[in-house]
2 protein chains.
Amino acid sequence: MAEFTVDTSAPVEGNAPLPAGLIEAFWRYERALMADDVPALDALFVDDPSTLRGDGSGLLVGHERIAAFRRGRGGAPKRRILEVHAQVIDDDDALLVAVLGPLAGGRGQQTQLWRRSDENGWQVSAAHVSAPAPAIDPRIWRIVGTPLVGSTETGPLDGETVAVKDLFSIAGHRVGAGVPRYLARATPGRVTAPAVSALLGAGATVRGIARTDEFAYSIAGVNPHYGTPPNAAVPGAIPGGSSSGPASAVASGQASIGLATDTAGSIRVPASYQGLWGLRTTHGAISADGLLPLAPSFDTVGWLTRSGELLARITRLLLPSPVGLPARVAIAPGVLDTLEPDIAGTFRAGIDTLVAEGLIPKPSEVELPDAAAALATFRTVQAAEAWRAHGAWITENPGAVSGAVAERFRIAQAVTAEQESEAREQLGRLRGELREILDDRVLLVPAAASTAPQTTASPDEIDAVRTATLQITCFAGIAGAPSVSAPLLSTSAGPLGLALVGPPGSDTALVDFATRLTPLAR
Amino acid sequence: MAEFTVDTSAPVEGNAPLPAGLIEAFWRYERALMADDVPALDALFVDDPSTLRGDGSGLLVGHERIAAFRRGRGGAPKRRILEVHAQVIDDDDALLVAVLGPLAGGRGQQTQLWRRSDENGWQVSAAHVSAPAPAIDPRIWRIVGTPLVGSTETGPLDGETVAVKDLFSIAGHRVGAGVPRYLARATPGRVTAPAVSALLGAGATVRGIARTDEFAYSIAGVNPHYGTPPNAAVPGAIPGGSSSGPASAVASGQASIGLATDTAGSIRVPASYQGLWGLRTTHGAISADGLLPLAPSFDTVGWLTRSGELLARITRLLLPSPVGLPARVAIAPGVLDTLEPDIAGTFRAGIDTLVAEGLIPKPSEVELPDAAAALATFRTVQAAEAWRAHGAWITENPGAVSGAVAERFRIAQAVTAEQESEAREQLGRLRGELREILDDRVLLVPAAASTAPQTTASPDEIDAVRTATLQITCFAGIAGAPSVSAPLLSTSAGPLGLALVGPPGSDTALVDFATRLTPLAR
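Along each chain, residue indices are assigned from 1 in the same order as the chain's sequence is written. Labels are handed out in written order, letters beginning with A for the chains and numbers beginning with 1 for the ligands. A pLDDT threshold of at least 70 governs which residues receive local features in this predicted model, and a stricter bar of 80 or more applies before side-chain atom pairs are shown or counted, although totals over entire chains, interfaces and linings include all residues. To get the side-chain values, take all heavy atoms of the structure and skip hydrogens and water.

If you look chain A up in an unreviewed UniProt entry, it shows as DUF3225 domain-containing protein from Amnibacterium flavum.

What follows is the structure, encoded as structure tokens:
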């Protein structure tokens, strides 16, 4: 590819003549940016922890973090500088605002605060860049419309827009399941899944079809085919999955309701990672017709929202169950002891606040079944069912799914009938134990074992976090119980969900109870 | 609605303690913004022609223009301030960068340069705001996908993305024609229009279905149902139409090819207004099958692109016509005399430069038929055909189209058979005259009579510009001749297309010739 030549003919205007050397530094920066000369760019930013650089993905604070971002991104899109406007403060300080003409079309803007020092010459201490919006964010969506599917009635969800996880059938549209080859071989659906129709019948519209981890078989939210959806709450972090697209769509304001599924945590984990409300419903309470299965014994339908009020409205409407909640609440010290101290501490402090404010009674302590053994049981049954659902397709389409998901299917294929049958027996026992516990107390746990890891975390780190999280989330799956993740906690690294698990059928009461805890968030 | 209370609890960090009074001014601004207190906002911006305010729609320069923007917008979206970061310069100057949490979701950023004076206290001299990207821009698109329709072959258009004007049939999708009620009653198409298939067969994909003026019966680009697509080249200006969506999609970088139609200027005008390449093809050269008609005697298919090279590639591929160009070029002083002096002057200066650079021969002068009479003839036949195409639907759906377009259909309905027949006779004569002229010279004219008017222009102003433009563009329509609008001219108010009109069938030669004139643009 030919060297890109920076055109320095843009007109420069401002409130005063530019200080000496400034425009030369501006063009030096532009040349370094276009050449992706990272050392030169680093040298042109003030080496200080207060230095700022922000764009549509978030604000980076500190020279070190900005330099790391630059090293990772592989260059900036090519552009021309169309106009430069200056606000000169004094001989050593000025703001330069540039109108950008990206070669890929549209207009952008760059605002830089420059300061001169005798040691370092002109350097940037703050930068703010705007790039043109894309037609669609392919990391979040497969297809979007205005709307994609209209409501069929007016109702209590009038004006709400739904991001449908790419597992639900919609008449006239294909199901892609996060796997390009699966999408390519799919035919448009003839019927719309009842979980979708129910929202349309209450006044909501479908904004679009949103991404999922491959066959929903992950809780990370990473998709190598379409790009990892951005975490709208924590710049640079993974979104959580497998309902990654609906979660990112809702967190970023591109939809108000995520229609999703939760087998092993696929709603609760992205809710926790992105500061959303998320409900995994009672197993079987919402029809799974027209839903591509992963593991039918655990698959549930649910919703992600930014507000507890909206989640409560949906739940009351679609699950007007009469089952109430037990009066007692409980925490599980055995679960908390396995967690990183800041997560356990944040959780305990949150519980203490809720008790102190009189929002929950003082929780009792409950011992749950051994988490590692429970997860092993859960995983064996999940794997056997996942292979039953997708094994033939996976076998016929080698290489169609990638990395960690392919590895999971390889393990699933190896589960013997005997192993499955043994796990099912164990599962029945565990379910009985858990339902007994939930019969007279609401269980409070962290929705995930960590805040959202950065996308740069190693596969090993992500896997360790995954296992720790599944050791919490699997209990609701085993019990077939509803669990809401409420965005009530946070650490310095990001939001953390407070998960409430109630007895089967208590979905509405559980969400109503959770929404009354919101003062904690402030 | 309850008063919105500004929460001032955000953490404030920076390189030094804040100067006295700054944070109070920051919160005063925030309260004024949330209350849409325009006088207070105006008072908090430095009253100077160099003051800056930019966002995704473009950069506004000068206090007056910023104030006018504020008066017109009807308030900013409600938001919380999540973090404030300061770069303190001295006691009277500081940059404040705020991370924004819009109530509608996502994250935004605001950068403000503050300065203190004894007369005015703390004021902003430059501001840069980023809002979260929407899932889809409903002004530009009806539906988008990744892709919406895949290519059927690899070919010379591999990697190109097409914005299809909402008039072309695509299998599985409806045609909306810019009219919500028409869309609501449409059924999904069973076949894909050949104009679309031809691009898919050459490697391009369909990015989405883009907006049009109602039934394509306008050249303004204003659509009251879906919002007026933004002009990507001139902040605040109308996009030009009726191929407004494809043009805005291409100009903003959201697609690389606009597949559009031109009856009376619907490709050339938005190309001129937004600095794009646009080709109206020879009448009948590209199949109009599967295209919702406006006036079949004039309807043509064509393309909009950012680069001349791409337009030439498409044209060579899909219209490999052997018809060459005459060696001579001509200008029409009669046309130029009717134009505003800056437009005529810009055009003449451009021609002089092309001659001086040896890119075109010295143009002869040609007298075209009387423009007002030609346009009247054109309009009568267009109206009769438009009523034939849509009159029954318009009659059955009162109120479905709005304003100027409804008025045009009312006039169309009144055209008598005698008027139409007389106009058709006249049209035949005019076509003969024009083809004789084009037989031995390429006609050079401005692609429009003005640069893009601001959206705030009165309907009368827009109508006056419309008529002046149609008096230029109608000649290619009458002649059935190809015309390319090349983004080679500009005034201080924005880009202006240089239109070349060639003999029927000369499309490829005409585009090739136009692309050789590009040095003019620099």
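So that's the structure; there's more coming.
## Describing the pattern of salt bridges
Cut-off, in case you're wondering: By convention in these notes, a salt bridge is any Lys or Arg side-chain nitrogen within 4 Å of a carboxyl oxygen on Asp or Glu. Helix numbering and strand numbering both begin at the N terminus, where a helix is a DSSP run of H or I of at least 4 residues and a strand a DSSP run of E of at least 2. The buried label applies to any residue whose accessible area, calculated with a 1.4 Å probe on protein chains only, is under 20% of its type's maximum; exposed applies above 50%, and partly exposed to all values in between.
Under the counting rule described, the total for this entry stands at 38 salt bridges over all chains. Two residues, B:Arg80 and B:Asp7, come together in a salt bridge whose shortest N-O distance is 3.9 Å. Of this pair, B:Arg80 sits in strand E4 (residues 79-90) while B:Asp7 sits in the segment before strand E1 (12-14), placing them 73 residues apart in sequence. Among the residues examined, B:Asp7 registers a relative accessible area of 21% and is labelled partly exposed. Between B:Asp137 and B:Arg139 there is a salt bridge whose closest N-O contact spans 2.8 Å. Residue classification places B:Arg139 among the partly exposed positions, given a relative accessible area of 33%. Through salt bridges that share partners, A:Glu385, A:Arg388, A:Glu420 and A:Arg424 make up one connected network.

## Points about the sheet that holds strand E4 (residues 79-90) of chain A
Residues and elements named next belong to chain A. Definition in use: At least two bridges found by DSSP between two strands is the condition for calling them paired. Throughout, an axis means a line fitted to C-alpha atoms (over the contacting stretch in the case of helices), and angles, computed between N-to-C directions, take values from 0 to 180 degrees. In this analysis, two residues are considered to be in contact whenever any of their non-hydrogen atoms come within 4.5 Å of each other.
Pairing is mixed across the open sheet formed by 7 strands, whose spatial order is E1-E4-E5-E6-E7-E2-E3. Every interior strand has two partners, whereas the edge strands, strand E1 (12-14) and strand E3 (58-61), have only one. Geometrically, the sheet is characterised by an average inter-axis angle of 20 degrees between neighbouring strands, direction not taken into account. With 3 bridges joining them, E1 and E4 adopt parallel strand pairing. Note on E4: the bridge partner recorded for Val 12 is Val 84. Along the sheet, helix H1 (residues 22-34) contacts E1, E4, strand E5 (93-102), strand E6 (108-117) and strand E7 (121-130); its crossing angle with E6, the most-contacted strand, is approximately 125 degrees. Strands in contact with helix H3 (residues 63-73) are strand E2 (52-55) and E3; relative to E2, the strand with the most contacts, it is inclined by about 45 degrees.

## Regarding the sheet that holds strand E2 (residues 52-55) of chain B
Residue and element names in this part refer to chain B. As summarised here, the arrangement of the 7 strands in space is E1-E4-E5-E6-E7-E2-E3, forming an open sheet in which the pairing is mixed. Since the sheet does not close on itself, it has two edges, and those belong to E1 and strand E3 (58-61), each with one partner. Averaged over all adjacent pairs, the angle separating strand axes in this sheet is 20 degrees, with direction ignored. Together, E1, E4, strand E5 (93-102), strand E6 (108-117) and strand E7 (121-130) form the strand contacts of helix H1 (residues 22-34), whose direction differs from that of E6 by roughly 125 degrees. Contacts from helix H3 (residues 63-73) reach E2 and E3, with the element oriented near 45 degrees to E2.

## Observations regarding the packing of helix H13 (residues 417-439) of chain A against helix H14 (residues 459-479) of chain A
Residue and element names in this part refer to chain A. To keep it simple, the criterion reads: Relative orientations are named as follows: roughly parallel for angles under 35 degrees, roughly antiparallel for angles over 145 degrees, roughly perpendicular for angles from 65 to 115 degrees, and oblique for any other angle.
Following both chains from N to C, one finds H13 and H14 inclined at 95 degrees, their axes separated by 8 Å at the closest point. If you check the angle between H13 and H14, you find them roughly perpendicular. Contacts between H13 and H14 pair Leu 427, Leu 430, Arg 431, Leu 434, Arg 435 and Leu 438 from the former with Phe 475, Ile 478 and Ala 479 from the latter.

## A short note on the interface of chain A and chain B
Rules: Two parts placed together each lose some accessible area under a 1.4 Å probe, and the buried area is that loss summed for both. In protein, a polar contact means a hydrogen-donor-capable atom and an acceptor-capable atom, both N or O and within 3.5 Å, with residues adjacent in sequence counting only if both atoms are side-chain atoms; elsewhere, any N or O pair within 3.5 Å suffices. Polar here means any residue other than Ala, Val, Leu, Ile, Met, Phe, Trp, Tyr, Cys and Pro, which are nonpolar, and Asp, Glu, Lys and Arg, which are charged; Gly is therefore polar.
Each partner contributes to the interface: chain A provides 58 residues, whereas chain B provides 59 residues. Counting the surface lost from both chain A and chain B, the interface buries some 4,200 Å², and carbon and sulfur atoms represent 56% of this. There are 0 salt bridges connecting chain A and chain B. If you look at where chain A meets chain B, you find 24 residue pairs in polar contact (both at pLDDT 80 or more). Among the secondary structure elements, those contributing two or more residues to the side of chain A that touches chain B are E2, E3, E4, E5, E6, E7 and strand E8 (141-149) of chain A. No other element matches the 7 residues that E8(A) contributes to the side of chain A that touches chain B. For the side of chain A that touches chain B, the class distribution of residues is 26 nonpolar, 21 polar and 11 charged. Across 3 bridges, E8(A) lies against strand E8 (residues 141-149) of chain B in antiparallel orientation.

## Describing the relation of the copies chain A and chain B
We apply this condition: In this comparison the copies share one frame, found by least squares on the C-alpha atoms of residues holding pLDDT of at least 70 in both.
When chain A is fitted onto chain B, the two copies agree to an RMSD of 0.0 Å after a turn of 180 degrees and an axial shift of 0.0 Å. Between the two chains, the operation in question is that of a two-fold axis. In this assembly the copies share their binding face: 100% of the residues contributing to the interface of chain A also contribute to that of chain B.

## Brief notes about the layout of surface pockets
For clarity, the threshold we go by: Both site types are read off a 1 Å grid over the protein atoms alone. A 1.4 Å probe that fits but cannot get out defines a cavity, while an open set with protein on both sides within 12 Å along at least five of seven lines defines a pocket; lining residues have an atom within 4 Å of a point. Grid points are joined across faces, edges and corners, and a volume is the space filled by probe spheres set on the points.
Approximately 1,200 Å³ is the volume attributed to the second largest pocket. Around the second largest pocket sit 44 residues that line it, and A:Gly172, A:His173, B:Ile143, B:Gly172 and B:His173 are the ones nearest its centre. Looking at the lining of the second largest pocket, the elements that each hand over two or more residues are E8 and helix H4 (180-185) of chain A together with E8 and helix H4 (180-185) of chain B. With 7 residues, the single largest contributor to the lining of the second largest pocket is E8(A). For the lining of the second largest pocket, the residue count by class is 24 nonpolar, 14 polar and 6 charged.

## Some points on the side chain of A:Gln87
Take A:Gln87: it is sitting in strand E4. There is a polar contact of 2.7 Å between the side chain of A:Gln87 and the backbone oxygen of B:Ser50. Filtering out sequence-adjacent residues up to four positions away, A:Gln87 remains in contact with A:Asn15, A:Ala94, A:Leu95, B:Ser50, B:Thr51, B:Leu52, B:Leu113, B:Ser125 and B:Ala126.

## What to know about H1(B)
All names here are of chain B. Short version of the rule: Expected helix span is given by 1.5 Å per residue-to-residue step, counting one fewer step than there are residues.
Helix length check: H1, at 13 residues, gives a terminal C-alpha distance of 19 Å against a target of 18 Å (1.5 Å per residue), a fit within 8%. Counting buried positions along H1 yields 10 of 13 residues, so the element is predominantly enclosed. Regarding H1, the residues found buried are Leu 22, Ile 23, Ala 25, Phe 26, Trp 27, Tyr 29, Glu 30, Ala 32, Leu 33 and Met 34.

## Some thoughts on the packing of aromatic side chains
Residue and element names in this part refer to chain A. How we decide: Two aromatic rings, drawn from Phe, Tyr or Trp (for Trp, its six-membered ring), form a pair once their centres lie within 6.5 Å of each other, and the interplanar angle then sorts them: stacked below 30 degrees, edge-to-face above 60, tilted otherwise. Whether a charge sits over a ring comes down to the Lys NZ or Arg CZ being within 6 Å of the ring centre and within 35 degrees of the ring normal.
For the structure shown, the criterion picks out 20 aromatic pairs over all chains. Centre to centre, the rings of Trp 387 and Phe 409 are 6.4 Å apart; their planes meet at 55 degrees, and the pair counts as tilted. Remark: Phe 409 occurs in helix H12 (residues 403-413) and Trp 387 occurs in helix H11 (residues 371-396); sequence separation between them is 22 residues. With respect to burial, Trp 387 and Phe 409 carry one shared label: buried. Taken together, the ring pairs in this structure connect Tyr 182, Phe 215, Tyr 217, Trp 387, Trp 393 and Phe 409 into an aromatic cluster. Sitting above the plane of the Tyr 226 ring, Arg 211 keeps its charged end 3.7 Å from the centroid.

## Things to note about the confidence of the model for chain A
Put simply, the rule is: pLDDT is defined as a per-residue confidence score from the predictor, taking values between 0 and 100.
When pLDDT is averaged along chain A, the result is 96, and 99% of the positions lie at 70 or above. For this predicted complex, the interface score ipTM comes out at 0.94, while the overall pTM is 0.96.

## Quick look at the UniProt feature "domain: Amidase" (unreviewed entry) in chain A
Condition: UniProt positions are given in the numbering used here, feature names are shortened, and annotations may be inferred rather than shown by experiment.
When the UniProt feature table is mapped to this numbering, "domain: Amidase" (unreviewed entry) covers residues 152-315 and 328-510 of chain A. Its end C-alpha atoms 19 Å apart, residues 152-315 of chain A is made of 22% helix and 16% strand.

## Considerations on the pairing of strand E16 (residues 442-446) of chain B
Residues and elements named next belong to chain B. In terms of burial, E16 is a largely internal element, 5 of the 5 residues being buried. In E16, alternate side chains face the same way, and those of Val 442, Leu 444 and Pro 446 on one face and Leu 443 and Val 445 on the other are all buried. Both strand E14 (residues 329-331) and E16 contribute to a ladder of 3 bridges, which runs parallel. Bridged to Ile 331 within E16 is Leu 444. Of the strand pairs in this sheet, E16 and strand E18 (residues 494-501) are connected by 4 bridges, and their pairing is antiparallel. Residue pairing across strands places Leu 444 opposite Leu 500, the latter belonging to E18.

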